[in-house]
Protein chains: 2
Amino acid sequence: MQRTVYHLMATTTPANSAAQPDADAAITFTLADAPLFALTRELSDLDAVQELLQWDQETQMPSGANAVRAEQVGTLEGIVHERGTAAALGHAIVEAEAALAAQSARFTEADRSLVRNARRDFDQKTKLPADYVRERAAATSAAWSTWQSARANKDFGEFAPSLTHIVDLTRRGAQYLNPNAEPYEVLFDLFEPGMTLATATAALDALRAATVPLLKRVQAAQQIDNSFLKGDYPEAKQLAFSRELLGILGYDFTRGRLDTTAHPFATGIGSPYDDRLTTRIHVDDVVSCIMSVMHECGHAHYEQGIDPALSRTPIGGGTSSGIHESQSRTWENIIGRSDAFWSAHYPALQAAFPEPFARVAVTDFVRSINRAEGSLIRVEADELTYNLHIIIRFEIERDLMAGKIQVQDLPAIWNQKYQDYLGVTPPDAGDGVLQDVHWSAGLFGYFPTYSLGNCYAAQFNAKMRADIPDTDARLAAGETAFVLEWQHANIHRWGSIYQGDDLCRRVTGEGLNPTYLITYLTEKYERVYGLK
Amino acid sequence: MQRTVYHLMATTTPANSAAQPDADAAITFTLADAPLFALTRELSDLDAVQELLQWDQETQMPSGANAVRAEQVGTLEGIVHERGTAAALGHAIVEAEAALAAQSARFTEADRSLVRNARRDFDQKTKLPADYVRERAAATSAAWSTWQSARANKDFGEFAPSLTHIVDLTRRGAQYLNPNAEPYEVLFDLFEPGMTLATATAALDALRAATVPLLKRVQAAQQIDNSFLKGDYPEAKQLAFSRELLGILGYDFTRGRLDTTAHPFATGIGSPYDDRLTTRIHVDDVVSCIMSVMHECGHAHYEQGIDPALSRTPIGGGTSSGIHESQSRTWENIIGRSDAFWSAHYPALQAAFPEPFARVAVTDFVRSINRAEGSLIRVEADELTYNLHIIIRFEIERDLMAGKIQVQDLPAIWNQKYQDYLGVTPPDAGDGVLQDVHWSAGLFGYFPTYSLGNCYAAQFNAKMRADIPDTDARLAAGETAFVLEWQHANIHRWGSIYQGDDLCRRVTGEGLNPTYLITYLTEKYERVYGLK
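> Give a detailed account of the overall build of chain A, specifying residues and quantitative values.
Each helix and strand in chain A was counted, giving 21 helices and three strands. Relative to a compact globule of 532 residues, whose C-alpha radius of gyration would be 24 Å, chain A shows 23 Å and is just as compact. In terms of principal-axis extent, the alpha carbons of chain A reach across some 65 × 55 × 50 Å. Relative to its 532 residues, chain A shows a buried fraction of 58%. The contacts of chain A with a sequence gap of at least 6 include a subset with a gap of at least 24, amounting to 76%. As presented, chain A carries roughly 19,600 Å² of accessible surface, and 53% of it is formed by carbon and sulfur atoms.

> Summarise the sheet that holds strand E3 (residues 275-279) of chain B; cite the residues concerned and give the values.
Residues and elements named next belong to chain B. Across the sheet, which stays open at both edges, the three strands sit in the order E1-E3-E2 with mixed pairing between neighbours. Bordering the open sheet on either side are strand E1 (258-260) and strand E2 (266-268), each of which pairs with just one other strand. The sheet shows a mean angle of 25 degrees between the axes of neighbouring strands, direction not considered. Looking at chain direction, E2 and E3 are connected through three bridges and run antiparallel. Considered in E3, the bridge of Ala-266 is made with Leu-277. The sheet strands contacting helix H9 (residues 235-249) are E1 and E3, and the helix crosses E1 at an angle near 150 degrees.

> Account for the pairing of E3 of chain B, with residues named and values stated.
All names here are of chain B. Summarising burial for E3: five of the five residues are buried, a large majority. Where E1 lies against E3, three bridges are found, and the strand directions are parallel. Across the sheet, residue Thr-260 finds its bridge partner in E3, namely Thr-279. Here E2 folds back onto E3, and the loop between the two strands holds six residues, one of which, Gly-270, carries a positive phi near 90 degrees.

> How would you explain the relation of the copies chain A and chain B if you had to name every residue and give the values?
When chain A is fitted to chain B, the residual RMSD is 0.1 Å, and the transformation amounts to a turn of 180 degrees plus an axial shift of 0.0 Å. Taken together, these values place the two copies in the relation of a two-fold axis. In this assembly, 100% of the residues forming the interface of chain A have copies in chain B that are likewise at the interface, indicating an isologous arrangement.

> Give a detailed account of the packing of aromatic side chains, specifying residues and quantitative values.
Across all of its chains, the model carries 47 aromatic pairs over all chains by this definition. With 5.0 Å between their ring centres and 90 degrees between their planes, Tyr-251 of chain A and Phe-253 of chain A make a pair best called edge-to-face. Overall, Tyr-251 of chain A belongs to the buried group, its relative accessible area being 5%. Here Phe-253 of chain A falls in the partly exposed class, since its relative accessible area comes to 31%. Taking the centre distance of 6.3 Å and the plane angle of 45 degrees together, the rings of Phe-447 of chain B and Tyr-450 of chain B count as tilted. Placement of the pair is Phe-447 of chain B and Tyr-450 of chain B together in helix H17 (residues 447-467), with a separation of three residues, close to one helical turn. Under the relative-accessibility criterion, Phe-447 of chain B is labelled buried at 1%. Residue class for Tyr-450 of chain B comes out buried when judged on its relative accessible area of 3%. Among the aromatic residues, those joined into a ring-pair cluster are Phe-191, Tyr-386, Trp-414, Tyr-418, Trp-439, Phe-444, Tyr-446, Phe-447 and Tyr-450 of chain A. Seen from the ring of Trp-494 of chain B, Arg-493 of chain B lies directly overhead, with NZ or CZ sitting 4.9 Å from the centre. A cation over a ring is seen here: Arg-506 of chain B above Trp-494 of chain B, with NZ or CZ 4.5 Å from the ring centre.

> An account of the packing of helix H3 (residues 87-102) of chain A against helix H4 (residues 109-127) of chain A is requested, with residue identities and associated values reported.
All names here are of chain A. Remark: H3 packs on H4, axes separated minimally by 10 Å, with the N-to-C direction vectors making an angle of 145 degrees. Every pair of crossing elements has a handedness; the one defined by H3 and H4 is left-handed. For the pair H3 and H4, contact is made by Leu-89, Gly-90, Ile-93, Val-94, Ala-96, Glu-97 and Leu-100 and by Asp-111, Arg-112, Val-115, Ala-118, Arg-119 and Phe-122, respectively. Partitioned by chemical class, the residues of the contact of H3 with H4 number eight nonpolar, one polar and four charged.

> Now, about the environment of Leu-46 of chain B: what can you tell me, with residues and values included?
Tracing the sequence through the fold places Leu-46 of chain B in helix H1 (residues 35-59). You can call Leu-46 of chain B buried: its relative accessible area is 1%. Linking Leu-46 of chain B and Ile-79 of chain B, residues 33 residues apart in sequence, is a C-alpha distance of 9.0 Å. Once residues within four sequence positions are removed from consideration, Leu-46 of chain B is found in contact with Leu-76 and Ile-79 of chain A together with Leu-76, Val-80 and Arg-83 of chain B.

> Which residues make up the interface of chain A and chain B, and what values go with them?
Taken together, the contacts link 37 residues of chain A with 37 residues of chain B. Of the roughly 2,800 Å² buried at the junction of chain A and chain B (both faces included), carbon and sulfur atoms supply 59%. Among the residues chain A hides against chain B, the three largest losses belong to Gln-60, Pro-62 and Gln-72 of chain A. Together they make up 17% of the total. Our count for the contact surface shared by chain A and chain B stands at eight salt bridges. Residues Glu-71 of chain A and Arg-312 of chain B are paired through a salt bridge, measuring 3.5 Å at the closest nitrogen-oxygen approach. Where chain A packs against chain B, one counts 14 residue pairs in polar contact (both at pLDDT 80 or more). The set of elements that each furnish at least two residues to the side of chain A that touches chain B consists of helix H1 (35-59) and helix H2 (66-84) of chain A. In terms of residue count, the dominant contributor to the side of chain A that touches chain B is H1 of chain A (ten residues). Of the residues contributing to the side of chain A that touches chain B, the split by class is 15 nonpolar, ten polar and twelve charged.

> Account for the nonpolar core, naming residues and giving values.
Within the largest apolar cluster, 152 residues are counted, with the highest numbers of intra-cluster contacts made by Phe-156, Trp-342 and Phe-365 of chain B. Among the elements that make up this core, the one with the highest residue count is helix H10 (residues 286-304) of chain B (ten residues). Trp-147, Ile-248, Ile-396 and Leu-517 of chain A belong to the second largest nonpolar core, which has 151 residues in total.

> Which residues make up the pattern of salt bridges, and what are the values?
Taken as a whole, this structure holds 76 salt bridges over all chains when the rule is applied. In this structure, Asp-123 of chain B engages Arg-119 of chain B in a salt bridge whose closest nitrogen and oxygen atoms are separated by 3.1 Å. Remark: Arg-119 of chain B and Asp-123 of chain B occur in helix H4 (residues 109-127); sequence separation between them is four residues, near one turn of the helix. One salt-bridge network, in which partners are shared between bridges, spans Asp-56 and Arg-69 of chain A together with Asp-274 and Arg-276 of chain B.

> Describe the side chain of Glu-192 of chain A, naming the residues involved and giving the relevant values.
Residue and element names in this part refer to chain A. Of note, Glu-192 is situated in the loop between helix H7 (183-191) and helix H8 (197-220). Within the buried core, Glu-192 has no salt-bridge partner, and the shortest N-O distance to an opposite charge, that of Arg-120, equals 9.8 Å. One polar contact links Glu-192 to Ser-320, side chain to side chain, over a distance of 2.6 Å. When neighbours within four sequence positions are excluded, Glu-192 is seen to be in contact with Ser-320, Ser-321, Gly-322, Ile-323, Thr-449, Leu-452, Tyr-456 and Gly-500.

Conventions we followed
The residue numbering used here restarts from 1 in each chain and proceeds along that chain's sequence as written. Chain A is the first chain written and ligand 1 is the first ligand written, with later ones labelled in order. In keeping with the predicted nature of the model, local features appear solely for residues at pLDDT of at least 70, side-chain atom pairs appear and are counted solely at 80 or more, and the whole-chain, interface and lining totals rest on all residues. Side-chain metrics rest on all non-hydrogen atoms present in the structure, leaving aside hydrogens and water. We count a stretch as a helix when DSSP gives it H or I for four or more residues in a row; a strand needs E for two or more, and each element gets its number in order from the N terminus. We compute the radius of gyration from the C-alpha atoms alone; for a globule the expected value is 2.2 Å times N to the 0.38, where N is the number of residues. Residue exposure (1.4 Å probe, protein chains only): buried if accessible area is under 20% of the type maximum, exposed if over 50%, otherwise partly exposed. Contacts are assigned to residue pairs that have any heavy atoms within 4.5 Å of one another. Using a 1.4 Å probe, the Shrake-Rupley method yields the accessible areas, and only the shown protein chains count as cover for residues. Two strands pair if DSSP finds at least two bridges between them. Convention adopted: a line fitted to C-alpha atoms gives each axis, helices being fitted over their contacting stretch, and angles between N-to-C directions are expressed from 0 to 180 degrees. Least squares is used to superpose the copies, and the fit set is the C-alpha atoms of residues whose pLDDT is at least 70 in both copies. Stacked, tilted and edge-to-face are the three classes applied to pairs of Phe, Tyr and Trp rings, where Trp contributes its six-membered ring and a pair requires centres within 6.5 Å; stacked means planes under 30 degrees apart, edge-to-face means over 60, and tilted covers the rest. Any Lys NZ or Arg CZ found within 6 Å of a ring centre and within 35 degrees of that ring's normal is scored as a charge over the ring. Here a crossing is called left-handed whenever its near helix is offset anticlockwise from the far helix by less than a right angle, and right-handed whenever the offset is clockwise. Gly falls in the polar group here, along with every residue not listed as nonpolar (Ala, Val, Leu, Ile, Met, Phe, Trp, Tyr, Cys, Pro) or charged (Asp, Glu, Lys, Arg). Take the accessible area each of two parts loses on contact, using a 1.4 Å probe, and add the two losses: that sum is the buried area. Salt bridges are defined as contacts in which a side-chain nitrogen from Lys or Arg sits within 4 Å of a carboxyl oxygen from Asp or Glu. Polar contacts here mean pairs of N or O atoms no more than 3.5 Å apart (in protein, one a potential hydrogen donor and the other a potential acceptor; neighbouring residues in sequence count only if both atoms are side-chain atoms). Among buried residues, the Ala, Val, Leu, Ile, Met, Phe, Trp, Tyr and Cys ones that are joined through side-chain atoms within 4.5 Å form a nonpolar core. Residues scored as positive are Lys and Arg, those scored as negative are Asp and Glu, and His as well as the terminal groups of each chain are ignored.

Limitation: the analysis is restricted to geometry and does not speak to function.
Following this line, the structure appears as structure tokens:
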């Protein structure tokens, strides 16, 4: 739901990682003295500097500095591109690949993953012609302005020519990266490397097939009252409670900080030692802030938990968009909307905001934050329907990239799908097909990772509960550290050593399986809405 | 008194700037299309990024990130060094110098200054052998730790071997930069380019000769009571008043921001659009915070006032340490400790802190913040005696660099000078010769610019009052914008186009003249202490 800036362009490619290292063994690099190590170390540091510039711009920078900051960012991007495409780097990768092929036993899993990601980053940067990159930058910049205007005017026709251009450019870009694959497969692989599009499609199809009828059952039931949540929650108090909540969740403030922004995000400044997050404050709605804090804390937990041995390398961040989202969704939804968690911590919320919570029972509070309904706007959607918003976008962008549908038909297709899946029809394009910024930026293939993250979250959750059967009792007793420890050991620590699906297999014994999410959602909403 | 990070290593060399541009004409570069322009633009942007990393580290960064941030900073320094010493840059400078020599009339004053500073920066970076730079970095890093320990132990003997090493290294460094000049002249020129050491020495000698007897007269008079200043000033209220005060001073918050740090500073993130400052908060002492805010605001005023045409060039910052300090001292001392200013704004202070100021008359308040006394610690010294602290350091480091005195004799020399000039003797080396960090960092030649800044401040002030005879009346009426306008037009706008002494001549009609400061201090302290 909230943007994470973690590895939006994830950086891994498929590889066989047959040998699994001991879970407790130290992570080491035989390549530590290789030229590739020093060259990628520099690129990692520059990446961290770029993250800091972005964080500063969104949280601290005075407004008057916008234009000059853009110039500074551009200069740094130029240097990063120059060094990220340098012949010396290409040679260092070839040399490392040759060493790995010739003497595989000398090297570690971390070595192999480092080379895999270095190769992938290098190829992505060098395969796109400079002219194409320039044309695309100009087109997306123009399209963003056009989209802003079109959305304000609720006029899809205004945006259609720009979007047509962006779609063509995006398809061309995918062809440069891999002329032998379908464009949408190439784009999807940028965000969820190692997972086939077929796997993702099967998961999302199953999720849709289960969610649409479940939502209809919910819609037929008595709706939950959440009207008492609207209130008066001063900004300073929300911020203080957010910090208290982060303490409860085990967020390490010596290695991070909390600020406020219009659009919350979490960002890592290059290591597990500096992972910052932001939240949004609406003075009439504290739940929005709470859920945003728990979501971004999940992202920050991931990065704070990565083994420091991986810092300043191409595998020092979270491994994919989907896995990252699984961690944010675990804390936001599976824990953050559970009876168990709030039975321990609701008194803290009541103490912070006696009005209204002193007069609301914890069970009513938890029900209220689990209200589901067919709605128009993705970023405001609930845990149940959110995936349907995503699936609609996924189906549309996949068909668009395959040439099966045309840009001019998008409003009709969009509205039909909203009616079919969610039971609502947008009154205009502003609250319909024009609501998201992603496509104007040429971002295709990213949307599905939100729902794949929800699938992973439920699958990991099932495994954690198998490992720790008294999870709910411990949550209800106020504990959270045991969850974080389980995540650190099983997921976080490994950074990008394992690709998403590989990691999932290693942790749960099987690849992505949407059944866990379907079961979780079905049980939860049957319980919350008393459907049985 | 407070550290400024503005161009601590100022970047200009002597040049004849005979033709003075029209004060109102637009600043332009004929060189805008030259390779040198693009190359130095990139270096300027990288410099801004380095400033941001530093600012973040001191104000926002979580403590756990210290070690990894040092690595990131090191990576960036490596890139800056590589690009700042590149053969292509050397060629571009030679090419620009040739063009300026061949067709002088085609180029502007800004062109000439840009080439002058680019040459100076390049020479400074390329003349120091890499081995020397490494040795020096290691030595200063070790010396800093030793100094910390020695100061805590009040044991100069512990620090002496390190300092001896640093002095040797610093002398060698100066020889690399210019083997034909005395080392201390070379070092001084790094901070106050274009001013001869003879000029500075004459000014500081005159200042000492006038200040020592003036202090003795003050010491013979009835001391001013400032005991009522100690009180209880909550941090949030000090910060709120600081922001109010910055508004009064005309600081532009759309192009800057205020944070708190242990050691206040002002820093420019590469342009007049982003100039941030910090203050310190002692909860028992609001005057410390007020003076720190006015001081740093003076630095920020300078950078915010530089013509945007100079942004992202080698002449886009303040021109020298002394000129920069003149601007901070003008706002902190000449305005910030004046009856005129406080007669307008004391009610705001009284409203913010009714206790104690509701019961203190404005005249008593202003007297209290002008109390002078012989004291041991430079950073806590008053406006009158501060220069004596500086002059002691100047005389010692000059003689040390010339080999006239030896490191092991410093404590005795230090204590004798404190007795002679200030009438006090340090009880130990911790409050004596070990109190400042500068020498452990190899920083020699910087101290004198503090007092030269005070000289410039008084000289500019005299000229402003000649131009605007009703300055005091307007200050007393609550105006400050007219001062800032005068500074913008005469000093700030020009960035580093003119070197310090040149700028002074242009503004006041004569080079540095300590008489203005001597007159100002004499009149002020005779009045404050009723010496006539």
